[in-house]
Structures are given as C-alpha cells and as structure tokens.
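Residues per chain are reported as follows:
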Amino acid sequence: MELYTDLIAVVDLEEGEVEEVDIEEEFIEKNIGGACANTALLAQYPDAVVLGTGVLTGTLFPGSALGVMTAKKNGTVCHSAFNWFSGPELKLSGFSFVVLKGKAENPVYLWLHDEIADIESTDLWGKTTWDTTSWLREELGEDRIQTLVIGEGGEKKSGAALLVNNYWGTDDRNGLAALLGEKNVKGIAMRGMGEVEISEPEDFISAAEDALTGLKSKIKKRGAPVEGLDAITQRADACFNCPYACRNFVKTGTDEGVVIFERHLRDLMAHGLDVKKAAETLQTCYQLGVNPAYGKDPKALTTLGPQPVQPLEGKEGWYYTLGVCPILDQFGIDEDAAVRAVAAGTGLDISAETLDDAVSRL
Ligand code: SF4
C-alpha cells in the first residue's frame, strides 16, 4: 500500500502474542490514516490503545512528523499526538499502525523493528522516562531508536500523565500515557529501515514542493515565540522534515537541558513561573512523564485525579489524519497541495471531499 508500510501489529498483551495484519487499500481509501484510521481500528478493538501514522507521515511533505495515539477515555474516543522523529520511525519500523489490546500481567515494553514486533518483560517500572530511554537504547544497541515511554505519571495512572518521546514531552493532551500504565506497558521502542513507496513520484514531489515554498515564505523565525526564551536558548531544533524549528533546546541549571514544547512552557508560565524556572520545571515534568497544564509541582502531578477529555479543535482532525503538525496551521499550509500529495502518493481517488468526509467522522 503506497504511502504506508504494509502491516498493522495487533498486540495481545494478555497472551503475549502479536498478529500481523495487512493494510488493505479499501481501509485507507475510507479512513485515510492517522486519527481517522485509528478510530476505525478502535471500533474493531474497543479496549485497545491504538498508535497510528498519518497518510503523509514520514514523507517529503513538509511537517510530516506526526503520529497519533487513540483510545477511549471515560467512554469517549480521544487522540493525543507525538512527533519529533517517532511518527516516521513508527512507520519505517514496518508497522504503520499498532493496536495494543488487553493487559500484560507484568510490565513489558514493545520493540518494533524491521517488521518484527517483540513483547519483552522489563524491570524498568519505577524508572524515569530518561533512564528508560537510555536503557532501551543501550540494551537494543542503537542510539537512533525512538521511544515512546511513560514515567511515574503513567505508572500511577495520573490524570496528568504525559507520554514522553525519548526525553521530551509529546502533545499527549488526553493523558493516554495513563492507559499504557493500565496495560502495564512501560514503553515502545522503534527502529526501522522500511521504505515508503510513492504511486506517482513526480506529482507527489511537486505538491510537497508547493507546500514547502508556501510555508518558507511565511516562516520568519526559528524557535518558539515566548518572551525571554531566546535569551536562554542554545539552539532551535525541528522535528522530522519540518521547515519551522519551533523546538528550543534550553540548558538548565544541571549539566542537562530540555527541548521545549511551547504549550507546556506557556502552561508553567501561566502558573506564575518565569521562563527560566519554567524550563527547569519542564525538564522534571518530562522525566516524571507529567503534563504541566494541570499544575507546576511535577511530583504532585504524578497522582492527579481524572481530567476531562480534550477534543480536537478547529482543523486539528485534518492534520491528525494526514500526519502533519497542526502548529504549521498558523502559516496557512497549502491544503490543495496536501490533497494532491495524498492522491499522487497513494494512487487512490482521494479528494478534498473524501478527506473532509473522513475527518467529519472523528
Ligand atoms: S512545528 Fe514544531 S512541533 Fe511541529 S513538526 Fe515542526 S518543529 Fe515539530
């Protein structure tokens, strides 16, 4: 299936078994990808946590870094996003979608690599997200492994639990890290050398270039536009194939540092912290795997009660389906180019209306 690697991993945590299911053309034609495809898979496996990639994730299309996690929380289907390099790495591991069903008897991690999905027992429970990622990379012998891990927040099923990608926070606005904690899943490690095939390469590249040209003409700055942040920033980084380097790396008081996700920093500043203190606190939040939207005391956030579902807003469903970062929306992404890229990439008869119809079902 063009624009995807071929498999869905259906992981039965209770039995410790993985079933590999082919991705059918009809499934993509109807559900496109990302949040829409995840929702369709969740209808088949209602108790599951589903990880999925958008139809454009991991391609030449600008900003195509997004992966999506979907599950039911308080009976409502909801979504959280992860980016950096983890969305593309999930796709290139050979599994464009992963369904985690049931609950492992004891803590495990999942190792996705080259179309192989291993469920491994682990004694990482109780470790910080940082120690977990470092251990996984060392154990699995590869520094470029991307991880999605939980910390104390997820283990304690906190309402403020936050999924962490390697060492940094994701946009896990719905605290789905707590559902991984419920399933006894400490983390997912991903690495792959898979390839994404393109049905009509010239048309796809032309559409991606059009979108990139439009974005570049409007992006004037590197780094997140937060007052005082430039003064403590060492460098600004970008996720996979993104023209807007909005991720500030800030050295904190220790030898370490933190890659900022703008909304998290603003949340801490709204709780009354100055920018430097907010960056330092954010580092601890990421180590413990908690979301500062709910307070400024990271330790207290590891035991927070249930929080309401945060639905997708505005055009987010569209971005979450394509696998493109919604932060780029502020620059007026070329929607026609995105639809042309999907049609040329998949070779399917997908139009703006088809896409809107899928997104309207979210
Ligand atoms: S806009 Fe920022 S968060 Fe989004 S993909 Fe680009 S660098 Fe990553």
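Treat the numbers as computed from the prediction; the structure is a model and nothing was measured. (Residues numbered from 1 in each chain as written. Predicted model: local features only at pLDDT ≥ 70, side-chain atom pairs only at ≥ 80, totals over all residues. Heavy atoms only, no water.)

Describing the overall build of the chain
Then, in step 1: When helices and strands are tallied, the chain shows 13 helices and 15 strands.
Then, in step 2: Taking 2.2 N^0.38 as the reference for a compact globule, 362 residues should give roughly 21 Å; the C-alpha atoms of the chain span a radius of gyration of 19 Å, in line with that estimate.
Then, in step 3: Viewed in the frame of its principal axes, the chain has a C-alpha envelope of about 50 × 50 × 40 Å.
Then, in step 4: Put simply, of all contacts in the chain between residues at least 6 apart along the chain, 67% involve residues at least 24 apart.
Then, in step 5: Of the roughly 14300 Å² of accessible surface on the chain, 46% is carried by carbon and sulfur atoms. (Helix = DSSP H or I, 4+ residues; strand = E, 2+ residues; numbered from the N terminus. Rg over C-alpha atoms; globule rule 2.2 N^0.38 Å. Contact = heavy atoms within 4.5 Å. Areas by Shrake-Rupley, 256 points an atom, 1.4 Å probe, with all protein chains shown as cover.)

Some words on a negative patch on the surface
Then, in step 1: A grouping of Asp 6, Glu 20, Asp 22, Glu 24, Glu 25, Glu 26, Glu 29, Asp 114, Glu 115, Glu 195, Glu 197 and Asp 349 is seen on the molecular surface, where their side chains present a negatively charged patch.
Then, in step 2: The set of elements that each furnish at least two residues to the negative patch consists of strand S2 (17-22) and helix H1 (25-31).
Then, in step 3: By the secondary structure assignment, Asp 6 is in the segment before strand S1 (7-12). (Patch = residues over 30% accessible without salt bridge, like charges linked within 9 Å, V, L, I, M, F, W, Y side chains within 5 Å. Salt bridge = Lys/Arg side-chain N within 4 Å of Asp/Glu carboxyl O. Lys, Arg positive; Asp, Glu negative; His and termini not counted. Charge placed at Lys NZ, Arg CZ, Asp CG, Glu CD.)

Examining the domain arrangement of the chain
Then, in step 1: Structurally, the chain comprises domain 1 (7-191) and domain 2 (230-301).
Then, in step 2: Taking only C-alpha atoms, the centre of domain 1 and the centre of domain 2 are 23 Å apart.
Then, in step 3: On the domain 2 side, the residues contacting the 32 residues of domain 1 number 25 residues.
Then, in step 4: Buried surface at the junction of domain 1 and domain 2, both sides included, amounts to about 2200 Å², of which 59% is carbon and sulfur.
Then, in step 5: When the area that domain 1 buries against domain 2 is broken down by residue, the three leading residues are Trp 84, Trp 130 and Trp 168, summing to 28%.
Then, in step 6: The interface formed by domain 1 and domain 2 holds two salt bridges in total.
Then, in step 7: Here Arg 263 makes a salt bridge to Asp 171, at a shortest N to O gap of 2.8 Å. (Domains from an automatic or database assignment. Buried area = accessible area lost by both parts, 1.4 Å probe.)

What to know about the packing of helix H7 (residues 201-216) against helix H12 (residues 335-346)
Then, in step 1: Relative to each other, H7 and H12 sit at 160°, their axes nearing to 8 Å. Comparing their axes, H12 and H7 come out roughly antiparallel. For the crossing formed where H7 meets H12, the hand is left-handed. Here Asp 203, Phe 204, Ser 206, Ala 207, Asp 210 and Ala 211 of H7 come into contact with H12, specifically with Ala 337, Arg 340, Ala 341, Ala 344 and Gly 345.
Then, in step 2: The class makeup of the residues in the contact of H7 with H12 is six nonpolar, two polar and three charged. (Axes fitted to C-alpha atoms, helices over the stretch in contact; angles between N-to-C directions. Parallel < 35°, antiparallel > 145°, perpendicular 65-115°, else oblique. Left-handed = near helix turned anticlockwise from the far one by under 90°. Nonpolar A, V, L, I, M, F, W, Y, C, P; charged D, E, K, R; others polar.)

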